[in-house]
Amino acid sequence: MLIRKLLNKIALASLVAGVSVPAFADGPLDGALYNFGDVGALSLLCSVEARYNDNIYLESSSKNGDVIWTFSPGLELELGGSESESKFRISYIEDLILYTSNSKNNSQDSHLAISYNYTGSKFKATVAAGYDQQVNTSNRDRSTRGHLIRYQTYYARALGTYDITEKVSIMSGFKWDGRRYDSQRYYYNDRETYAIPVNLYHSILTEKIKAGISYEYRYTDLAGAGKDNGKNPGYEQVHFIGLTATGDFTDALTLDGRIGCSTRDYNRRTTGSGNTSHSTLSLMLNANYKVTEKTTADLRVSRDFEIAGDASSITSTGIQLGVAHVFSSKWMGNVSIAYRQDDYDYSNRCDDVYTVSVGAHYNINDYLSASALYSFQWNNSNGSYWDYTDNIISLAISFRY
């Protein structure tokens, strides 16, 4: 089970990001730094990654490549035994990022994640919060060439599902995300997003399959609740309504998804023009299929409205497929392909982004693991300014005690 969870995490990370994300080795509870009997443990985490990126600024020409070293020490606290209804986890990781040639990009980034899960007979709940400092670039944004973008993200979640009857259940809660830019502030907009989802399920066919109706309200305030930075301060409201389904459809196939219509109203604060409304087909599908005892396949399909860092409004459509295989108790591998289309609503720009990645993971012992990943990304835009190719090769070793 631990190996399967690890494979899913590796496959999903390579699908979404197309880059290496070091996975910490899963050590036994009795090998942790400190144990709290059978109810939890405090673990020491550490990883070292060497990554070569041949286009760190995602430029269409005059590529700038570099070798990037990342040292990531951290701690993780887990509470709640296997029989407990409540489980709590908190982790803190500090990334020290060093560029071999472009030392101006060196940074020290913090990552904090807190989660609590409750599983009762009729009520299930998840509460989570976190903070991340990040440094990267994006082809979606009009960044100043030769610079990375530094920003901080925050999030909070409180979601619960209650079984009204044996067949009827309701899911709802609250989601919040925030982003604050530390660099390129003339081009980028701070933002806060609030969302309230509501799903009403009814068990169909079997107790393991639920289907019903889904609604979500999402509000995004660009420029950080009225702060006058960025080019296009304003706010966006999105209403989604549609159908949803989740559960184990077969012993091998698990699905979770929704499909419906999203309507967006975008309003700018600094000008009377540019206030528009759009509607589009919206969908989200996550599927996991157990091909064999050692092979799993993950599929993700999505379409929704999004907002780039410079406040550009985008209709984004994507599909991602990953396959992970356990070769032995020590060796695991994965391959993934992804396609995303970003259609910009206020211009004729349209980007087709293709990503292919191949990775391997090796458990050296109960405390050490090693991983390697190669990824290739190609942005084929209808504007040559936005075209680019990007190759990344990474090697990492991780320790958990």
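### Some details on the overall build of the protein
Step number 1: When its secondary structure is counted, the protein shows two helices and 19 strands.
Step number 2: Per-residue burial for the protein yields a buried fraction of 42% across its 401 residues.
Step number 3: For the protein, restricting intrachain contacts to residue pairs at least 6 apart in sequence, the fraction spanning at least 24 positions comes to 55%.
Step number 4: Here the protein displays about 19700 Å² of accessible surface, and carbon together with sulfur accounts for 60% of that area.

### Examining the pairing of strand β4 (residues 86-99)
Step number 1: Two elements, strand β3 (residues 66-79) and β4, share ten bridges in a ladder whose sense is antiparallel. Paired with Ile68 across the bridge in β4 is Tyr99.
Step number 2: If you look at the hairpin formed by β3 and β4, you'll find six residues sitting between the two strands, and Gly80 has a positive phi there, around 115 degrees.
Step number 3: The sheet contact formed by β4 and strand β5 (residues 107-119) spans twelve bridges and is antiparallel. The residue bridging Ser91 from the neighbouring strand is Ala113, located in β5.

### Considerations on the nonpolar core
Step number 1: Listed in full, the seven residues of the largest apolar core are Ile56, Tyr57, Ile68, Ile97, Tyr99, Val135 and Leu148.
Step number 2: For Ile56, the contacting residues outside a window of four places in its chain are Asn64, Asp66, Ile68, Tyr99, Asn102, Asn105, Thr137 and Leu148.

### What about the pattern of salt bridges?
It is possible for side chains bearing opposite charge to pair when their charged atoms get close.
Step number 1: For the structure shown, the criterion picks out 18 salt bridges.
Step number 2: Across the salt bridge formed by Arg157 and Asp177, the nearest N and O atoms sit 3.1 Å from each other. One end of the pair, Arg157, is in strand β7 (residues 149-163); the other, Asp177, is in strand β8 (residues 168-181), with 20 residues separating them in the sequence.
Step number 3: Exposure remark for Asp177: the relative accessible area of 29% places this residue in the partly exposed category.
Step number 4: Taken together, the salt bridges that share partners define one network made up of Lys175, Glu216, Arg218, Arg258 and Asp304.

### As for the packing of aromatic side chains
Step number 1: Counted according to the given criterion, the structure contains 13 aromatic pairs.
Step number 2: Look at Tyr154 and Trp176: their rings are 6.4 Å apart centre to centre, the planes differ by 40 degrees, and that puts the pair in the tilted class. Of the two residues, Tyr154 is situated in strand β7 and Trp176 in strand β8; the sequence distance between them amounts to 22 residues.
Step number 3: Under the relative-accessibility criterion, Tyr154 is labelled partly exposed at 27%.
Step number 4: Take Trp176: its relative accessible area is 22%, and that puts it in the partly exposed class.
Step number 5: For the ring pair Tyr181 and Tyr188, a centre distance of 5.1 Å and an interplane angle of 25 degrees mean the geometry is stacked. Of the two residues, Tyr181 and Tyr188, both sit in the buried class.
Step number 6: Feature note: the residues Tyr131, Tyr154 and Trp176 constitute an aromatic cluster, connected by ring pairs.
Step number 7: Above the face of the Tyr151 ring, Arg179 is positioned so that its terminal group lies 4.5 Å from the ring centre.

### A short note on unusual backbone geometry
Step number 1: We note that Leu58 has phi near 55 degrees; this positive angle belongs to a residue other than glycine.
Step number 2: Relative to the assigned elements, Leu58 resides in the loop between β2 (40-53) and β3.
Step number 3: Judged by relative accessible area, Leu58 falls into the buried class, the value being 17%.
Step number 4: Even without a glycine there, the phi angle at Ser62 is positive, about 50 degrees.
Step number 5: With respect to the helices, strands and loops of the structure, Ser62 is situated in the loop between β2 and β3.

### Side note on the environment of Val48
Step number 1: Looking at where Val48 falls in the secondary structure, it is placed in strand β2.
Step number 2: With relative accessibility at 27%, the residue Val48 sits in the partly exposed group.
Step number 3: When neighbours within four sequence positions are excluded, Val48 is seen to be in contact with Thr70, Phe71, Leu395, Ala396 and Ile397.

### Thoughts on the pairing of strand β17 (residues 350-363)
Step number 1: Inspection of the sheet shows strand β16 (residues 331-344) paired to β17 by 13 bridges, in the antiparallel sense. Residue pairing for β17: Trp331 is matched across the bridge by Tyr362.
Step number 2: What sits between β16 and β17 in their antiparallel hairpin is a turn of five residues.
Step number 3: The pairing of β17 with strand β18 (residues 368-381) spans 13 bridges and is antiparallel. By the bridge assignment, Val353 is partnered in β18 with Asn379.
Step number 4: Connecting β17 to the next strand, β18, in antiparallel fashion are four residues.

### Here's the deal with the side chain of Ser110
Step number 1: In this fold, Ser110 is placed in strand β5.
Step number 2: At 3.2 Å, the side chain of Ser110 forms a polar contact with the side chain of Tyr92.
Step number 3: At 2.7 Å, the side chain of Ser110 and the side chain of Glu94 are in polar contact.
Step number 4: Among all residues touching Ser110, those that are not within four sequence positions of it are Tyr92, Ile93, Glu94, Tyr131, Asp132 and Gln133.

### Here's the deal with the confidence of the model for the protein
Step number 1: When pLDDT is averaged along the protein, the result is 87; 86% of the residues meet or exceed 70.
Step number 2: Mean pLDDT in the protein bottoms out at helix α1 (residues 2-17), which sits at 37, and peaks at β17, which reaches 97.
Step number 3: Low confidence marks residues 224-229, where pLDDT is under 50. Its contacts with residues over four positions away, or in another chain, come to 13 contacts.

### Topic: a nonpolar patch on the surface
Step number 1: Residues Phe123, Tyr162, Ile164, Ile170, Leu200, Ile213, Leu243, Ile259 and Leu281 make up a contiguous nonpolar surface patch of about 800 Å² in total accessible area.
Step number 2: Mapped onto the secondary structure, Phe123 falls in strand β6 (residues 123-136).

Cut-offs used in this document
- Residues numbered from 1 in each chain as written.
- Predicted model: local features only at pLDDT ≥ 70, side-chain atom pairs only at ≥ 80, totals over all residues.
- Heavy atoms only, no water.
- Helix = DSSP H or I, 4+ residues; strand = E, 2+ residues; numbered from the N terminus.
- Buried < 20%, exposed > 50% of the residue type's maximum accessible area, 1.4 Å probe, protein only.
- Contact = heavy atoms within 4.5 Å.
- Areas by Shrake-Rupley, 256 points an atom, 1.4 Å probe, with all protein chains shown as cover.
- Pairing = 2+ DSSP bridges.
- Core = buried A, V, L, I, M, F, W, Y, C linked by side-chain atoms within 4.5 Å.
- Salt bridge = Lys/Arg side-chain N within 4 Å of Asp/Glu carboxyl O.
- Phe/Tyr/Trp six-rings, centres within 6.5 Å; stacked < 30°, edge-to-face > 60°.
- Lys NZ or Arg CZ within 6 Å of the ring centre and 35° of its normal.
- Polar contact = N/O pair within 3.5 Å; in protein donor to acceptor, adjacent residues only side chain to side chain.
- pLDDT = per-residue confidence, 0-100.
- Patch = residues over 30% accessible without salt bridge, like charges linked within 9 Å, V, L, I, M, F, W, Y side chains within 5 Å.

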